[in-house]
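Structural overview
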Amino acid sequence: MNTDSPLKQTPLHALHVSLGARMVPFAGYDMPVQYPAGVMKEHLHTRSAAGLFDVSHMGQVILRPKSGRIEDAALALEKLVPVDILSLAEGRQRYALFTDDNGHILDDLMVANRGDHLFLVVNASCKEADFAHLQKHLGDTCELTLLDDRALIALQGPRAESVLAELWADIATMRFMDVAEAALHDVPCIISRSGYTGEDGFEISIPAASAEDVTRRILEHPDVMPIGLGARDSLRLEAGLCLYGNDIDTMTTPVEAGLEWAMQKARRAGGAREGGFPGAHVILRQFAEGAGRRRVGLKPEGKAPVRGGAPLFADAEGKVPAGTVTSGGFGPSADHPVAMGYVDKAHTANNTQLFAEVRGKYLPITVSALPFVTPTYKR
Amino acid sequence: MLKFTDEHEWLKIEGDIATVGITAHAAEQLGDLVFVELPESGTALDKGATAATVESVKAASDVYCPLDGEIVESNQAIVDDPALVNSDPQGAGWFFKLKLSDPSAVNALLDEAAYKELIA
């Protein structure tokens, strides 16, 4: 990424500044890392009430089949993801991964069936590359649009449903991973019941011109607090969710990352549409035989957070390498440091004692089941 | 006598002992602290050496030794409750006491007015 280019702004930039946010560069955008309440309060508020996030930097892509048949768009997209898109019903959303020819992960994304088109949400740092990738491989069967006229916000937490129910009563009928269209304050929005915090919640795509107005009104609700990228990271880490670029990237495969659940039966060995995605030979082999290393949860035993990049060892003297931490920090809800990383397959069992090198010391850290908090998705 | 550094530390000077902490400005910039590691008593440190480490939810930061000296006491209270640094950075949230090798070196540090200008 060219760091010399001026930072882009989301449609909610002025709102963040007016709320007193501390702004930082993130994926080419000037984004709020925290508001005056601070990361700790923002994190805890999201888990106890409702937190509002600006995620407008993410890419929103429309994939419209030229034939008019949604099946054609689904089958076309299946050429790029190891995921069953064909069986995705209208009004439903699913997690997916773009893989490369080596079976490594180019990006992770959400795919929704919107009836006559597929609606994709991809990571900000990957959106141009993803769009070019889609254009190259799907350009003959689909019309592709990278939307630049819509904001995307997330409202997450146990009060998210009741807050939005005051604007649209039917929101309560949505289940986890449902996608629907509704007017909020007379503005047509696309709402999905999903998120990146481990909490029940919603992501809302709003026309850019109305985004600040709708967002301000939601923020007026006493249960809602604006949440910055700092708490977004600690929330997703406690929830065991991968951050692209840290925990998954072009050096990791879906099996190494422990994302087998994202590959439905139809795309696995013996499935109706087995393989047929980039790197299938690698991924299907790892599926059968396991990978040499695997992403695991890691709980530092002391009070010191263990950050991404910390080397892991099987012994307290740092002689036997065991892996690397990819994300780590303090978990405000867990009330202890939390981390995840890749460890060699000999060390993946829960409760395995390892040691993380931090400032020249070897700190005890234990392989732990993810997530660190219990998700509250409304299935 | 109260002195400051451009690394956002304060020093309360009493004879040849300096009580050292981080400024309210620094504490605010760091955000909610969750971990503090302090030097042991008896540790001799040069000016600019890493004396302590603080971690917020987001990131780790070093606190540098403001002058040459020897650590004579560390504040266990902020190890037990790092939030003290955020709530009372220039009081109960002090970090350590430093026996200065050269007490006259404090004259080169910033006074309160100069520090306020620095962060303005």
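Residues numbered from 1 in each chain as written. Chains lettered and ligands numbered in written order. Predicted model: local features only at pLDDT ≥ 70, side-chain atom pairs only at ≥ 80, totals over all residues. Heavy atoms only, no water.

Attention now moves to the packing of helix α2 (residues 39–48) of chain A against helix α7 (residues 229–238) of chain A. Residue and element names in this part refer to chain A. Two elements in contact, α2 and α7, have axes whose closest approach is 8 Å; the angle formed by their N-to-C orientations is 50°. By the angle between their axes, α2 is oblique relative to α7. Of the two elements, α2 crosses α7, and the hand of that crossing is right-handed. Packed against α2, whose contacting residues are Val39, Glu42, His43, Thr46 and Arg47, the element α7 presents Gly230, Ala231, Ser234, Leu235 and Glu238 at the interface. Residues of the contact of α2 with α7, tallied by class, amount to three nonpolar, four polar and three charged. (Axes fitted to C-alpha atoms, helices over the stretch in contact; angles between N-to-C directions. Helix = DSSP H or I, 4+ residues; strand = E, 2+ residues; numbered from the N terminus. Parallel < 35°, antiparallel > 145°, perpendicular 65-115°, else oblique. Left-handed = near helix turned anticlockwise from the far one by under 90°. Contact = heavy atoms within 4.5 Å. Nonpolar A, V, L, I, M, F, W, Y, C, P; charged D, E, K, R; others polar.)

Residues and elements named next belong to chain A. If you check the domain split of chain A, you get domain 1 (1–289) and domain 2 (292–379). Taken together, the 29 residues of domain 1 in the interface contact 26 residues of domain 2. Buried area between domain 1 and domain 2, summed over both chains or domains, comes out near 2300 Å², and the portion from carbon and sulfur atoms is 53%. For the domain 1 face of the interface with domain 2, the top three residues by lost area are Phe176, Leu237 and Glu238, together amounting to 29%. In this structure, the salt-bridge partner of lysine 378 is aspartate 200, at a minimum N-O distance of 3.5 Å. Breaking the side of domain 1 that touches domain 2 down by element, the ones donating at least two residues are α2 and α7. Classifying every residue of the side of domain 1 that touches domain 2 by side-chain character gives 12 nonpolar, seven polar and 10 charged. (Domains from an automatic or database assignment. Buried area = accessible area lost by both parts, 1.4 Å probe. Salt bridge = Lys/Arg side-chain N within 4 Å of Asp/Glu carboxyl O.)

All names here are of chain A. Summed over all chains, the structure comprises four aromatic pairs over all chains. Relative to tryptophan 261, the ring of tyrosine 95 has its centre 5.3 Å away and its plane inclined at 25°; by these criteria the two rings are stacked. Placement of the pair is tyrosine 95 in strand β5 (residues 93–99) and tryptophan 261 in the loop between α7 and α8 (280–289), with a sequence separation of 166 residues. Taking the relative accessible area as the measure of exposure, tyrosine 95 reaches 13% and is therefore buried. (Phe/Tyr/Trp six-rings, centres within 6.5 Å; stacked < 30°, edge-to-face > 60°. Buried < 20%, exposed > 50% of the residue type's maximum accessible area, 1.4 Å probe, protein only.)

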